[in-house]
Amino acid sequence: MGEHVVEKLRQQLDSLNLQLLELLNKRAELVKELGEVKKKSGVKKFDPERETQMLEKLVQKNQGPFDDQTVRYLFKQIFKASLQLQVDDHKKALLVSRKRQAENTVISFGDLKVGNGSTALIAGPCSVESYEQVYEAAKALKRQGVKLLRGGAFKPRTSPYDFQGLGEEGLKILREVADELDLKVVSEIVTPSDIEKATEYVDVIQIGARNMQNFELLKAAGNVRTPVLLKRGMSATIEEFLFAAEYIVSRGNTQVMLCERGIRTYEKWTRNTLDISAVPILKNESHLPVFVDVTHATGRRDILLPCAKAALAAGADGVMIEVHPNPAVALSDARQQVDIPTFEEFVAELRSSGLFREE
Ligand code: PEP
Ligand code: MN
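Note that the structure is a prediction, hence the values are computed from the model and not measured.

Trainee: Account for the coordination of the manganese ion (ligand 2), with residues named and values stated.
Mentor: Coordination sphere of the manganese ion (ligand 2), protein contribution only: Cys126 (SG), His296 (NE2), Glu322 (OE) and Asp333 (OD), at 2.0 to 2.3 Å. All donors to the manganese ion (ligand 2) come from one chain, and their sequence spacing reads C-x169-H-x25-E-x10-D. In this pair, Glu322 sits in strand β10 (residues 318–322) while Asp333 sits in the loop between β10 and α12 (340–351), placing the two residues 11 residues apart along the sequence. Taking relative accessible area as the criterion, Glu322 reaches 0% and is therefore assigned buried. The class of Asp333 is buried, set by a relative accessible area of 17%.

Next up, the structure:
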């Protein structure tokens, strides 16, 4: 007898659960509709005053058995979940998101394709110091079949007293060497008004970690049609990183590559902490190619190879490494750049690791 009553009451509960579910989803649809209207008219999504009013009305009508505090708590959760729905919708709308574009963005540099499932390498000195220095490093790239030559001409240094780069002269050197050896140039630009001019020299505009949220620079990079390598800010969240990419893409420059380069943590045995989990998250959330800069992420030569392997295993489309013909005398990052024999060994080992995907 008792069992029968329990069963009956349970059935009623099940039915009420379903009704509640239906009502909650109906409510959610309405909130979404309201969100759209608010967006169009530029009204803020979260309105604490309105939320308080709704809670007060509910409490006034409350006849129990839930006490007022519980009613407030339960409805607060419903309000929170509804607001989250609007946030998720906003995320869905990002141009850089997979939700918006399911297929990978593939960027072509002649025969070289980035983002198509093959592995790309970007290598070269930290800073451009002379024609001879770049040429020697570039020859090593050529021998290894590496197409993307990096080198900093404008160096955003932490200390104003450190070497700031050769500027436009450095870009000329990179272009000259790259043309001679049929390579592509990746170089950082730090000033919005330099972007246009830089497109005469570079094949990829690099935006450095220190400038990831330099919104005027991002907008300027979005206005040209030269591919961009956007590095993650040293204390930027993945979301902020993607929003920075959105600045560029929303201006019409869809050729953006993301570069994880380590974030700042309390750890002192590496220069930065390589956030390897950012790689699969970025690959899942976004259709843009993802690189990992193992040099700046680690700041130490002895772990470049395992970190590069980890990057590829995690799904990165490419790896960046700094190489200098004579690191000991380099004008920047002398301690972390590898010499040419070490670079050649690095590429060979990565290639034979089974993780490197040739075209
Ligand atoms: C660089 O790649 O030259 C560089 C300065 O790196 P980051 O902006 O990641 O510090
Ligand atoms: Mn460097």
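Trainee: Give me the lowdown on the packing of helix α4 (residues 131–144) against helix α5 (residues 168–181), citing residues and values where you can.
Mentor: Relative to each other, α4 and α5 sit at 35 degrees, their axes nearing to 10 Å. Between α4 and α5 lies a crossing whose hand is right-handed. Facing Tyr131, Val134, Tyr135, Ala138, Lys139 and Lys142 of α4, the residues of α5 in contact are Ile173, Leu174, Glu176, Val177, Glu180 and Leu181. Of the residues that constitute the contact of α4 with α5, the class distribution is 8 nonpolar, no polar and 4 charged.

Trainee: Explain the pattern of salt bridges to me, and be specific about the residues and the numbers.
Mentor: Counting across every chain of the model gives 17 salt bridges. Between Lys197 and Glu200 there is a salt bridge whose closest N-O contact spans 3.5 Å. A relative accessible area of 38% places Lys197 in the partly exposed class. In this structure Glu200 comes out as exposed when scored by relative accessible area, which is 52%. Between Arg271 and Asp333 there is a salt bridge, with the nearest N and O atoms lying 3.0 Å from each other. Of this pair, Arg271 sits in the loop between β8 (256–260) and α9 (278–285) while Asp333 sits in the loop between β10 and α12, and the two are 62 residues apart along the sequence. Taken together, the shared-partner salt bridges connect Glu168, Lys197 and Glu200 into one network.

Trainee: So, α12: which residues are in play, and what are the values?
Mentor: For α12, which comprises 12 residues, the first-to-last C-alpha distance of 16 Å matches the rise-based estimate of 16 Å (1.5 Å per residue) to within 8%. Regarding α12, the residues found buried are Ile340, Phe343, Phe346, Val347 and Leu350. End-on, the buried residues of α12 take up no more than an arc of 115 degrees, which puts them together on one face. On its buried side, α12 packs onto β3 (120–124), α4, α10 (294–298), α11 (304–313) and β10.

Trainee: Residue-level account of the pairing of strand β7 (residues 228–231), with values.
Mentor: Burial of the side chains of β7 extends over both faces: Val228 and Leu230 are buried on one face and Leu229 and Lys231 on the other. Of the crossover connections in this fold, the one passing from strand β6 (residues 204–207) over helix α7 (residues 215–223) to the parallel β7 is right-handed. Bridge analysis of β7 against β8 gives 4 bridges, and the strand direction is parallel. Across the sheet, residue Lys231 finds its bridge partner in β8, namely Cys259. The handedness of the β7 to β8 crossover, carried by helix α8 (residues 238–249), is right-handed.

Trainee: Run through the nonpolar core, naming residues and quoting values.
Mentor: Counting residues in hydrophobic clusters, the biggest one holds 72 residues, and the most contacted among them are Leu230, Leu258, Phe343 and Phe346. Broken down by element, the residue count for this core peaks at 7 residues, all from α8. Those residues in contact with Phe346 that sit more than four places away from it in its chain are Val294, Leu304, Leu305, Ala308, Val319 and Ile321. By size, the runner-up hydrophobic cluster in this structure holds 14 residues, among which are Ile107, Val186, Cys259 and Met320.

Rules behind the numbers
Residues numbered from 1 in each chain as written. Chains lettered and ligands numbered in written order. Predicted model: local features only at pLDDT ≥ 70, side-chain atom pairs only at ≥ 80, totals over all residues. Heavy atoms only, no water. Donors = N, O, S within 2.8 Å, 3.2 Å for Na, K, Ca; no water. Helix = DSSP H or I, 4+ residues; strand = E, 2+ residues; numbered from the N terminus. Buried < 20%, exposed > 50% of the residue type's maximum accessible area, 1.4 Å probe, protein only. Axes fitted to C-alpha atoms, helices over the stretch in contact; angles between N-to-C directions. Left-handed = near helix turned anticlockwise from the far one by under 90°. Contact = heavy atoms within 4.5 Å. Nonpolar A, V, L, I, M, F, W, Y, C, P; charged D, E, K, R; others polar. Salt bridge = Lys/Arg side-chain N within 4 Å of Asp/Glu carboxyl O. Expected span 1.5 Å × (residues − 1). Arc of directions from axis to C-beta. Right-handed = clockwise from strand over helix to strand, strands pointing away. Pairing = 2+ DSSP bridges. Core = buried A, V, L, I, M, F, W, Y, C linked by side-chain atoms within 4.5 Å.

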